[in-house]
Amino acid sequence: EPSLRNITQPALALPTITSAPRSGVEHPPRTHPRTHMLPSETRRRIALADAKKPTAQHAGNQDLVDVFWVLADATFKAEPENAGTKGSAYRKAAQAFAACPFTVTDSSVDLKKKKLPNVGKASVEKMAVFRATGSIPKLVAYQAILDEDFEDDGSGGTGSCGGGSGDGDSSGGGGGGGGGG
């Protein structure tokens, strides 16, 4: 059973605050967590903590469910004019991936014989890219838009971009992806 004494230093270097010793007793330096996060990292954390986010029936699909849920959330923020179509399609795709009793891959799902309900062409393409590269370029692009807006309005802009392990390619299929059964 872990205890507080067994917890190691976090991987990220946190700023150290030292204070003068009081009454001759030296105290160890205190560390404070980073107080400002970029919007993409904040949005990613909020989306992953969403109580409505489904849990995958097959453990091999949880990463896919998570990335599509985060993609839906990023779509709602980065493209509010398309949130009703694209964002909802990504949410439905995440729910469909969660309900699959098998690992979803580009060979286990297609648009003709092995179609999943509520998963359209664009979502299948994004799923294949994610399985191949570990990233969805559209998500990387949305996160860059959110972070750029944050930096442009003067409200911050330091730190590293979280979420996605993209290659920086901001191209990527647009389009919805949702469709009726």
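Residues numbered from 1 in each chain as written. Predicted model: local features only at pLDDT ≥ 70, side-chain atom pairs only at ≥ 80, totals over all residues. Heavy atoms only, no water.

Undergrad: Sorry if this is basic, but what is going on with the environment of Ala 141 here?
TA: When you line up the elements, Ala 141 lands in helix α5 (residues 137–152). C-alpha separation for the pair Ala 141 and Ala 74, spaced 67 residues apart in sequence, amounts to 9.6 Å. (Helix = DSSP H or I, 4+ residues; strand = E, 2+ residues; numbered from the N terminus.)

Undergrad: Where do I start with the nonpolar core in this structure?
TA: A general feature of soluble globular proteins is that nonpolar side chains tend to end up buried together. In this structure, Leu 64, Phe 68, Phe 97 and Val 104 are the most contacted members of the largest nonpolar core, which totals 30 residues. Among the secondary structure elements, those contributing two or more residues to this core are α2 (62–78), α3 (83–99), α4 (121–133) and α5. At 10 residues, the largest contribution of residues to this core is made by α2. Beyond its immediate sequence surroundings of up to four residues, Phe 97 is in contact with Asn 61, Leu 64, Val 65, Phe 68, Val 104, Leu 116, Val 119 and Met 127. (Core = buried A, V, L, I, M, F, W, Y, C linked by side-chain atoms within 4.5 Å. Buried < 20%, exposed > 50% of the residue type's maximum accessible area, 1.4 Å probe, protein only. Contact = heavy atoms within 4.5 Å.)

Undergrad: Please explain the packing of aromatic side chains as it appears in this structure.
TA: What characterises a pair of aromatic rings is the spacing of the ring centres plus the angle enclosed by the ring planes. Under the defined criterion, the tally for this structure stands at 2 aromatic pairs. Here Phe 68 and Tyr 90 contribute two aromatic rings whose centre-to-centre distance is 6.2 Å and whose plane-to-plane angle is 65°, an arrangement assigned as edge-to-face. Here the residue Phe 68 occupies a position in helix α2, and Tyr 90 occupies one in helix α3, the gap between them amounting to 22 residues. The residues Phe 68 and Tyr 90 share a single accessibility class, namely buried. (Phe/Tyr/Trp six-rings, centres within 6.5 Å; stacked < 30°, edge-to-face > 60°.)

Undergrad: Explain the pattern of salt bridges here, please?
TA: One side chain can pair with another of opposite charge once the charged atoms of both are near each other. Counted by the stated rule, this structure contains 5 salt bridges. Here Glu 41 and Arg 44 are joined by a salt bridge, their closest N and O atoms 3.0 Å apart. In this pair, Glu 41 and Arg 44 both sit in helix α1 (residues 39–49), 3 residues apart, roughly one turn of the helix. Residue Arg 44 is classed as partly exposed on the basis of its relative accessible area, which comes to 24%. A salt bridge links Lys 53 to Asp 66, with the shortest nitrogen-to-oxygen separation between them at 2.9 Å. Here Asp 66 lies in helix α2 and Lys 53 lies in the loop between α1 and α2, a separation of 13 residues in the sequence. In this structure, a network of salt bridges that share partners links the residues Glu 41, Arg 44 and Arg 45. (Salt bridge = Lys/Arg side-chain N within 4 Å of Asp/Glu carboxyl O.)

Undergrad: Is there a simple way to think about unusual backbone geometry in this case?
TA: Here the phi dihedral of Asn 118 falls at roughly 65°; this positive angle occurs in a residue that is not glycine. Topologically, Asn 118 is positioned in the loop between α3 and α4.

Undergrad: When you look at the packing of α2 against α4 in this model, what are you seeing that I'm missing?
TA: Helix-helix packing is characterised by the crossing angle of the two axes and by the distance between the axes. Between α2 and α4, whose axes approach to 11 Å, the crossing angle comes to 125°. One element, α2, and the other, α4, form an angle in the oblique class. You can see that α2 and α4 cross each other, and the crossing is right-handed. Where α2 approaches α4, its residues Asp 63, Leu 64, Val 67, Phe 68 and Leu 71 are matched on the opposing element by Ser 123, Lys 126, Met 127, Phe 130 and Arg 131. Looking at the contact of α2 with α4 residue by residue, the class counts come to 6 nonpolar, 1 polar and 3 charged. (Axes fitted to C-alpha atoms, helices over the stretch in contact; angles between N-to-C directions. Parallel < 35°, antiparallel > 145°, perpendicular 65-115°, else oblique. Left-handed = near helix turned anticlockwise from the far one by under 90°. Nonpolar A, V, L, I, M, F, W, Y, C, P; charged D, E, K, R; others polar.)

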